[in-house]
Amino acid sequence: MSPTRRSSRGTTHLRLRVALIGVAMLLSLFAGRLVQIQGIDAASYAARAESSGLVTLDLPAKRGRILDRNGEPLAESVAGLMVVADPQTTAPNADAIARILADRLDLDYFEVRDTLTEKDTRFAYVARRVPSTLASSVVAELREQELTGIDTRPDPLRSYPSGDVAGNVIGFLGENGKPAAGLELAFDDLLAGKDGRETYEVGGGNRIPLGDNTRVAPVDGKDLRLTIDRDVQWYAQRVLCNTVQTVQAESGVAVAMDTRTGELLALADCTGTEPGMTPAEVAEAQRKLVSSAVSDVYEPGSVQKVLTFSSLIDDGKVAPETKLTVPSELPVLDRVIGDWFDHGTLQMTVAGVVAQSSNIGTSIAAGQFTPQELHDHLTRFGLGQKTGVGLPGESRGLLTDASEWSVLSRAQIAFGQGLSVNALQMAAAVNALGNDGELVEPSIVEGRERTSSGQEVGTATATKRRAVSSEAARKTAEMMELVTTPDVGTAPGAGIQGYRVAGKTGTAQQAGGECRCYAMGGKAVSFGGFAPADDPRFTVYAMVNKPSIGGSGGGTTGPIFRKILAYLLQKYAVAPTGTLPPSIPTEWSTGQDLGVPSPSSLRPGQGEVDSEDLSDGADGTSGAPTAGSTTGSE
Amino acid sequence: MSTSSSQAASGRRLPRFAEAAVERARLTVVPARSLGRTQAARTPFAVLVLVILAGGVVGLLMFNTQMQQTSFTATALQDRATELTARKQALDLELDGLRDPQQLAQSARDLGMVAPQTPAFVRLSDGRVLGTPTPAGGGDAVQVTPGPSKKPAEIERRTVIVEATPRAAADGAP
């Protein structure tokens, strides 16, 4: 009995010992593995866990909208998606996938196929900035057909719902989503906002409720409201571009502004691409298209005369009725100043000189100014200075120092040659005459906003300053009415029946070509004015650069002016004032009281003035070959 | 007298009352009943603890399950919200497209409408006509679609005439 018991006890002990050793070895193994996982390979396992379960998502900030004055969007951001592929997965089914993608997303089949079969990569862009509904439905369709490897990622999409309306002002976002031009660039800090970021754990496509979760909310960009009226802008663009195409011009600009506040209602540009342009030249034209109203300068031509005469009236040197004797030509230094129409010695009043746009008459009247006086007056109209509208790439134009002026340059500057302006400057200067003599800074941004370069602009920051007296502005406006009066002025085609419209034509030669002289350059025809003349509400200024067919301020740009102005008056329900224009004599004769205007004596040999005739014979300074030689080349 | 007798007693042997005290000092366990307590039943307590434990575990499990379920719902709703937002934006875009001035102008043109070139108004207060009412004609129409762009020189057909002499042709022949 006892040996049996001992042997059984011995077996138990042995079994226990073996088990203990077994367990100890197993536990050591576990411990070793633990040390390996936790101590040695910890970082790599953490990374693996993170990559499999942790999702880090960029939360793109929504870019602010650009709105017109009525809140209509001109540019807005919508949720878009980028369609991306994993070529290693898509390669076997590339044909089928490419067919669907090319069909649905309007892509090139062969390009898509190449992307889907790219080697040595697991990530390739198929399409960017696709509207999210479209992208999702395409991916869903692919999933249905069990074609894998295509996925989507958020990719905000910038949409311009009004098409090309105000595209010249707004600019655009480049391929990389960075602003490339215009207000998108100038106000990027305001519009862009700040991207956020979210990190969370997922399991099976769903967020793990108590998992890691951090979120930095995105800060959306702010909206930018413009003073542009979308409808007016559209109309101005179409009217301008029609003319630019019809007369085969190089480019054109049209500006419409609220006379009292300087708010820009339309700022249209049109660039005609010429045949035979190289891609680089087309790109250059595209770049210039962005607000060429502020970036491009030209010689203003006869529109300038109203600035000269209002300054003369302001100083009490002339009145609209002042009698001038205008010879057929005027030698100044080594040159001869001529008019656009041949005439003998005329007896014109100052009003007649404005109505008929006589260079000689203007030069004679401006002779009462010293160069410094004229320079100071033009500076008060804002020439040679930036308008501060806030558009990128604004040029200040050129108004040389008065000390550098000769007698000839004083005479030329008085009628708009020998200085350069941008279209917006000129519009603002003409606007001052409509705004009771006060120059108001033009603005395109509503309220007060800061550009990325730190400049504060907007209607709230626009300043006013007096350019000429109220009296001088009123008298000049009355003379400008004669310009659009049939049988009296140079641009009856710019008048609107029933309204009192004040305007002034301009035709200027541009230095250009290889010689940088007037002979090689083309013309810049323009028209600026406002209505109703006795209580101005809107100022419109249009300029067409280098027209190939015809080309006169009255005949080419006058109708642009009239159409845009008529549209504005109708849209904003500005009724005619119902007053009668004052009767200002445009000519005088010795031994006889000042009479009513008589066109036959003003334009010898022509009984009637109509816009058709004017479209061929340029008004202003330089349409006639004689003027080309007289205004000179440098 | 009594004092002397007690001293005498202590000197000889323990007094009888002390014997009783010693006898009483032999400690025994106090019967629970004598203290007014009853023996707590172990089973109900254990059951209670187990129930609480089980309840906690099950509750936690259900809570977790519920949260997971909510998470699924949240994901589904999030997807739905994203989809609806996208659809709203797509519809907004479509609407914007229809309200685009260009689109409106083309529709108006197709209806034969022309923008008036001479604005005139009727003042409702006294019925007066302000301005000169002038009917717009076809000539007043503004071309709403931009004209065709010019043909680039690159795609102009260029006819190249090569003077081929018979000898050159003979050389080129196989």
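Quick caveat: nothing in here was measured; it's all calculated off a predicted structure.

Quick word on the overall build of chain B
Within chain B one finds six helices and two strands. In sequence order, the secondary structure elements of chain B are arranged as α-α-α-α-α-β-β-α. By the burial criterion, 4% of the 174 residues in chain B qualify as buried. A sequence separation of at least 24 residues applies to 30% of the contacts in chain B between residues at least 6 apart.

Focus on the overall build of chain A
Within chain A, the regular secondary structure consists of 23 helices and 26 strands. Among the 634 residues that make up chain A, the fraction classed as buried is 49%. Nonlocal contacts in chain A, meaning residues at least 24 apart in sequence, comprise 73% of its contacts between residues at least 6 apart.

Here we look at the nonpolar core
Residue and element names in this part refer to chain A. Residues A254, V255, A256, V354, I564 and L565 are the most contacted members of the largest nonpolar core, which totals 131 residues. Residue contacts for I564: discarding those within four places in its chain leaves Y235, A236, V239, A254, A256 and V540. Judged by nonpolar contacts, the second largest core, of 16 residues, contains L81, V83, A85 and A98.

Points about the sheet that holds strand β3 (residues 73–78) of chain A
All names here are of chain A. Strand order in the open sheet formed by four strands is β7-β3-β2-β11, and the pairing between neighbours is mixed. The outermost strands of the open sheet, each flanked by one partner alone, are β7 (157–159) and β11 (224–225). With three bridges joining them, β3 and β7 adopt antiparallel strand pairing. Note on β7: the bridge partner recorded for S77 is R158.

Focus: the packing of helix α13 (residues 304–314) of chain A against helix α19 (residues 470–483) of chain A
All names here are of chain A. Closest axis-to-axis distance for the α13/α19 pair is 9 Å, and the angle between their directions is 140°. The angle between α13 and α19 falls in the class oblique. Regarding α13 and α19, the two cross each other, and that crossing is right-handed. On the side of α13, the interface is formed by V306, F309, S310, I313 and D314, while α19 contributes A472, A473, K475, T476, M479 and M480. Grouping the amino acids of the contact of α13 with α19 by side-chain chemistry returns seven nonpolar, two polar and two charged.

Comments concerning the packing of helix α10 (residues 230–246) of chain A against helix α20 (residues 553–571) of chain A
Residues and elements named next belong to chain A. For the pair α10 and α20, interaxial distance at closest approach is 10 Å and the crossing angle is 160°. On the basis of the axis angle, α10 is roughly antiparallel to α20. Our pair here, α10 against α20, has a crossing hand that is right-handed. Touching D231, V232, Y235, A236, V239, L240 and T243 of α10 are T556, I560, K563, I564, Y567, L568 and K571, all from α20. For the contact of α10 with α20, a count of residues per class yields nine nonpolar, two polar and three charged.

What about the pairing of β3 of chain A?
Of all six residues that make up β3 of chain A, five are buried, and the element is covered over most of its length. The antiparallel hairpin formed by strand β2 (residues 66–67) of chain A and β3 of chain A contains five residues in its connecting segment, where G71 of chain A sits at a positive phi of about 85°.

Observations regarding the interface of chain A and chain B
Taken residue by residue, the interface counts 38 residues in chain A and 39 residues in chain B. Among the elements of the structure, β3, α6 (132–144), β9 (206–207), α10 and α20 of chain A are those that each provide at least two residues to the side of chain A that touches chain B. Take the side of chain A that touches chain B: its biggest share by element is eight residues, from α10 of chain A. For the side of chain A that touches chain B, a count of residues per class yields 18 nonpolar, 15 polar and five charged.

Here we look at the environment of A268 of chain A
Residues and elements named next belong to chain A. Relative to the helices and strands, A268 is located in strand β13 (residues 264–271). A tally of 29 C-beta atoms within 10 Å means that A268 is categorised as buried. Sequence separation of A268 and Q510 is 242 residues, and the distance between their C-alpha atoms is 21 Å. In this structure, A268 is in contact with Q233, A236, Q237, L240, V253 and A254, ignoring residues within four places of it in sequence.

So, the pairing of strand β4 (residues 80–85) of chain A
All names here are of chain A. The pairing of β4 with strand β5 (residues 124–131) spans five bridges and is classified as antiparallel. The residue bridging L81 from the neighbouring strand is V130, located in β5. Judged from the five bridges that link them, β4 and strand β6 (residues 150–154) form a sheet pairing that is antiparallel. What sits directly across from V84, in β6, is D151.

Examining the confidence of the model for chain B
All names here are of chain B. Per-residue pLDDT for chain B averages 78, and the proportion of residues at 70 or more is 74%. Low pLDDT (under 50) marks residues 1–10, which in the prediction has one contact with non-local residues, meaning those over four places away or in another chain. With a pTM of 0.75, the predicted complex shows an ipTM of 0.70.

Quick word on α13 of chain A
Residues and elements named next belong to chain A. Counting buried residues along α13, eleven of its eleven residues qualify, which places the element largely inside the surrounding structure. Taken together, the buried positions of α13 are occupied by Q304, K305, V306, L307, T308, F309, S310, S311, L312, I313 and D314. Downstream of α13 by one or two residues, G316 has phi in the positive range, about 75°.

Quick word on the environment of I313 of chain A
Here I313 of chain A is to be found in helix α13. Dropping the residues within four chain positions of it, I313 of chain A is found in contact with V318, A319, A472, K475 and T476 of chain A.

Examining the sheet that holds strand β24 (residues 502–509) of chain A
Residues and elements named next belong to chain A. Strand order in the open sheet formed by five strands is β13-β12-β26-β25-β24, with antiparallel pairing between adjacent strands. The strands lining the two open edges of the sheet, one partner per strand, are β13 and β24. Between one strand and the next, the sheet's axes are offset by a mean angle of 5°, whatever the strand orientation. Of the strands in this sheet, β12 (251–258), β25 (523–531) and β26 (538–545) touch helix α18 (residues 423–434), which is tilted by about 145° from β26.

Looking at unusual backbone geometry
Residue and element names in this part refer to chain A. For the peptide bond that leads from A531 to P532, omega is -15°, which places it in the cis range. Take P532: it is sitting in the loop between β25 and β26. In this model, S357 sits at a positive phi of 55°, which is unusual for a non-glycine residue. With respect to the element layout, S357 can be found in the loop between α14 (350–356) and α15 (359–366). Owing to 30 C-beta atoms within 10 Å, S357 belongs among the buried residues under this scheme. We note that A573 has phi near 50°; this positive angle belongs to a residue other than glycine. Along the polypeptide, A573 turns up in the loop between α20 and α21 (599–602).

Considering the environment of G554 of chain A
Residue and element names in this part refer to chain A. Mapping G554 onto the fold places it in helix α20. On the neighbour-count criterion, G554 (34 C-beta atoms within 10 Å) is buried. In this structure the C-alpha to C-alpha distance between G554 and V130, which are 424 residues apart in sequence, comes to 48 Å.

Let's talk about the confidence of the model for chain A
Averaged over every residue, the pLDDT of chain A is 81; residues scoring 70 or more account for 86%. When the criterion is pLDDT under 50, residues 592–634 of chain A qualifies, and its contacts beyond four places in sequence or with other chains add up to 112 contacts.

Analysis parameters
- Residues numbered from 1 in each chain as written.
- Chains lettered and ligands numbered in written order.
- Predicted model: local features only at pLDDT ≥ 70, side-chain atom pairs only at ≥ 80, totals over all residues.
- Helix = DSSP H or I, 4+ residues; strand = E, 2+ residues; numbered from the N terminus.
- Buried ≥ 20, exposed ≤ 12 C-beta atoms within 10 Å, placed from the backbone.
- Contact = placed C-beta atoms within 7 Å.
- Core = buried A, V, L, I, M, F, W, Y, C linked by C-beta atoms within 7 Å.
- Pairing = 2+ DSSP bridges.
- Axes fitted to C-alpha atoms, helices over the stretch in contact; angles between N-to-C directions.
- Parallel < 35°, antiparallel > 145°, perpendicular 65-115°, else oblique.
- Left-handed = near helix turned anticlockwise from the far one by under 90°.
- Nonpolar A, V, L, I, M, F, W, Y, C, P; charged D, E, K, R; others polar.
- pLDDT = per-residue confidence, 0-100.

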